[in-house]
Amino acid sequence: MRHVNIPVFIPHLGCPHDCVFCNQRTISGQEDFDPNTLESLIDEALGTVDSDDEVEIAFFGGSFTGIDRGLMISLLERAHAYLKSGRVKSLRCSTRPDYIDDEILNILERYGMTTVELGIQSTSERVLAASRRGHTGDDARRACCLIKARGFRLGGQMMIGLPASGLEDEIKTAEEICALGCDEARIYPTIVFDKTALGMLMLSGEYTPLTVQEAAERSARILRIFDEGGVKVLRVGLCDAEGLHSSKCLGGPVHPAMGELSRSVIFRENICHELDLTAVHGEDITVCVPRGAVSAAIGNRRVNRDYIMQRYGIRKIRFCEDEKLRGYEIKIARGNL
């Protein structure tokens, strides 16, 4: 069964904060949101899915629980009608940690909300302050506990490469997302958009964005934490379907397959670790990986394959799938299996 999201972007409505990295109108390409288009947007998307697809309406792009209460309830009522009819299976929204309380959760529960994603971004007070995020780490912890206590599925969104943020800050944030009971997560390397405070900081030389390789390596470290913590990672990096308009980016690690690059780093590290324990210099080897992971293991433009062959003097390397392997597990054998 295929899971399909119908994204409804509500750019910057309900959010009075101006985080240094944020310009939702620039990111989504939408200046305004017309509530009257909701049904046509959903109906058009439903016309492209199969009858056995698991379809979800997802309110993204702003701070859903912070918009005008009447508008939020109207949108929920109309989305709930699709849920009741069976045309969609679930509802999802994204919001800020400081826009969650019992009253809001009562409303979400009434209209069948399934998953609440929190824009945690970081649990470091230093990083949150430098990013002008407008909430604290404790706000995120409190919101997570409230959401889990009410039985919603919880998603934690975090960013890497924020101002004042280092790898240790990001590791701690990921570990807290696991400890707080998040069921799923998204990892967003910081992109510098036009008409943002971060853009001005970059142009003045006060902020240096991560390179694509740096973002992939740091995301890989976070992916390992989520994998070990049993947290499902939905995405690494923004994509066009989530509103990324790369033409409006001033800098940062923009790549259409950041998740693949990050997973590739993990597979390279795992393969090298195993080869360091085995004397295979000058031999042919076969590397077995989980189903669907061959591309990530080989690497973009065969970067992993070439690196491994050169580092270990491998004459020939073959990659194959092994149905018994899971996650980032690998198995190496001499010769061809």
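These numbers come from a predicted model, not from an experiment.

Participant: I tried to follow the nonpolar core on my own but got confused; where do I start?
Facilitator: Within soluble globular proteins, side chains that are nonpolar generally end up buried alongside one another. Residues F59, F64, L108 and F226 are the most contacted members of the largest nonpolar core, which totals 82 residues. Broken down by element, the residue count for this core peaks at 8 residues, all from helix α10 (residues 258-276). With residues near it in sequence (within four places) discarded, F226 still touches M158, A174, I177, C178, A185, I187, V231 and V233. Formed by 13 residues, the second largest nonpolar core is a distinct cluster that contains C22, M159, L198 and M202.

Participant: What is the right way to read the packing of helix α3 (residues 69-85) against helix α4 (residues 102-110) from this model?
Facilitator: Axes are the key here: two packed helices are described by the angle between their axes and the distance separating the axes. Two elements in contact, α3 and α4, have axes separated by 10 Å at closest approach and are oriented at 25°. As far as their axial angle goes, α4 and α3 are roughly parallel. Contacts between α3 and α4 pair R69, M72, I73, L76 and H80 from the former with E103, I104, I107, L108 and R110 from the latter. Class assignment of the residues belonging to the contact of α3 with α4 gives a composition of 6 nonpolar, 1 polar and 3 charged.

Participant: Teacher, can you tell me more about the side chain of S264 here?
Facilitator: Tracing the backbone shows S264 in helix α10. Overall, the relative accessible area of 5% leaves S264 in the buried class. Only 3.0 Å separates the side chain of S264 from the backbone oxygen of A296, close enough to count as a polar contact.

Participant: For this particular structure, what's the right way to read the environment of M158?
Facilitator: Relative to the helices and strands, M158 resides in strand β5 (residues 153-160). For M158, a relative accessible area of 0% puts it in the buried group. C-alpha of M158 to C-alpha of I177: the two residues are 19 residues apart in sequence and 8.8 Å apart in space. If we ignore the near neighbours within four places in the chain, the residues touching M158 are Q121, E170, T173, A174, I177, R186, I187, Y188, I222 and F226.

Calculation rules
- Residues numbered from 1 in each chain as written.
- Predicted model: local features only at pLDDT ≥ 70, side-chain atom pairs only at ≥ 80, totals over all residues.
- Heavy atoms only, no water.
- Core = buried A, V, L, I, M, F, W, Y, C linked by side-chain atoms within 4.5 Å.
- Buried < 20%, exposed > 50% of the residue type's maximum accessible area, 1.4 Å probe, protein only.
- Helix = DSSP H or I, 4+ residues; strand = E, 2+ residues; numbered from the N terminus.
- Contact = heavy atoms within 4.5 Å.
- Axes fitted to C-alpha atoms, helices over the stretch in contact; angles between N-to-C directions.
- Parallel < 35°, antiparallel > 145°, perpendicular 65-115°, else oblique.
- Nonpolar A, V, L, I, M, F, W, Y, C, P; charged D, E, K, R; others polar.
- Polar contact = N/O pair within 3.5 Å; in protein donor to acceptor, adjacent residues only side chain to side chain.

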